[in-house]
Amino acid sequence: MSETGAPGALYIVATPIGNLEDLTPRAARTFAEVDFIAAEDTRVTVKLLNYLGLKKPLLSYHKYSDAARGSAILARVCAGESCALCSDAGMPAVSDPGEELVREAIAQGIRVVPVPAASAAVTALAVSGQFTGRWAFEGFLPTNRRQRAARLEEICADQRTLIFYEAPHKLVTTLGDLLEAFGDRSVSVCRELTKLHEEIRKTTLAAALADYREGGALAPPRGEFVLVVAGAQPPAPEAWTLDAAVALAASYAAAGQAQSAACRAAAAESGFSKSEIYRALTAQKEGDR
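Residues numbered from 1 in each chain as written. Predicted model: local features only at pLDDT ≥ 70, side-chain atom pairs only at ≥ 80, totals over all residues. Heavy atoms only, no water.

1. A few points about the packing of aromatic side chains
The cut-off we apply is this: Two aromatic rings, drawn from Phe, Tyr or Trp (for Trp, its six-membered ring), form a pair once their centres lie within 6.5 Å of each other, and the interplanar angle then sorts them: stacked below 30 degrees, edge-to-face above 60, tilted otherwise. In this text, helices come from DSSP runs of H or I with a minimum length of four residues, and strands from runs of E with a minimum of two, each type numbered from the N-terminal end. Remark: exposure states derive from per-residue accessible area (1.4 Å probe, protein chains only) relative to the maximum for the residue type, with buried under 20%, exposed over 50%, and partly exposed in between.
Summed over all chains, the structure comprises 3 aromatic pairs. Pairing phenylalanine 140 with tyrosine 165 gives two aromatic rings, centres 5.7 Å apart and planes at 70°, and the pair type is edge-to-face. Placement of the pair is phenylalanine 140 in the loop between strand E6 (135-139) and helix H6 (145-155) and tyrosine 165 in strand E7 (residues 161-166), with a sequence separation of 25 residues. Take phenylalanine 140: its relative accessible area is 45%, and that puts it in the partly exposed class.

2. Description of the sheet that holds strand E1 (residues 9-13)
To keep things clear, this is the line we draw: Only strands joined by at least two bridges in the DSSP assignment are considered to pair. Each axis is a line fitted through C-alpha atoms, taken for helices only over the stretch in contact, and angles between the N-to-C directions span 0 to 180 degrees.
Strand order in this open sheet of 5 strands is E3-E2-E4-E1-E5, and the pairing throughout is parallel. The sheet is open, and its two borders are formed by strand E3 (58-60) and strand E5 (111-115), each paired with just one other strand. The sheet shows a mean angle of 25° between the axes of neighbouring strands, direction not considered. Strand direction decides the pairing type here: strand E2 (residues 36-39) and strand E4 (residues 83-86), joined by 4 bridges, are parallel. Among the inter-strand pairings, alanine 38 is bridged to a residue of E4, identified as leucine 85.

3. Focus: the pattern of salt bridges
The cut-off we apply is this: For salt bridges, the criterion is a side-chain nitrogen of Lys or Arg within 4 Å of an Asp or Glu carboxyl oxygen.
One pass over the full model with this rule turns up 12 salt bridges. Close ionic contact of arginine 148 with glutamate 166 constitutes a salt bridge, the shortest N to O distance being 3.9 Å. With arginine 148 in helix H6 and glutamate 166 in strand E7, the pair connects residues that are 18 residues apart, well separated along the chain. Using a relative accessible area of 5% as the deciding quantity, one classes arginine 148 as buried. Of the charged contacts in the structure, one is a salt bridge between arginine 201 and aspartate 211, with a shortest N-O distance of 2.8 Å.

See the structure below:
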């Protein structure tokens, strides 16, 4: 038996986000060698298995599954079977109920093995043209209006690039909510990634809303969307006045620095020249006598 089919393991298997050619050889081998597969939608996974020419025992595991279903899966793994967990597309357990199964498996000491591949969030980020050095994945925003507004308020000052998932029938509402909460930021709208009708458009929230709302050039929205939104701009540096620079130099001098050194330090922070701070500080001292 190969490593992939080793007993008593839970394999977290990424599936293509659109193009079946993106399935990795390791993922195909894992599906072939495990004892059974826990799938978000067995009808979707059957199509993938047919593509691979495989027949495997399948059971469903999705957001409507009760705790007993997860317990039954892990009981079989504890008894020595190997299981592949997969979602309809992308990496399971990320913005996905598989998260709970992984957490419980780790708590029970079950070996959890990642079999990674495409992720819609990272794929969209890579082609977005937005800043990629620091980013945050938000997934789907809350559907409750109050909770959604609260979440957007929490993250509106985040300077990292923000990534959201959205369904076509909710896209216009979400673009409007983002525009209201964030202002008119840059956004990359990624639609149907890796599929036949893939589109990647870097625009602004206001322009995207105009395009997709009723009567817009791209209305009605079709397909699955990833929105990659620019982070908040850092606050502008505080404007310095000469009086503030002199006060800073005076505080350094009061702390024991020589007046020349204090003025040099204040000049470095404020942008005023050392000489003008020195003259103003000297004049202030003379006026206090």
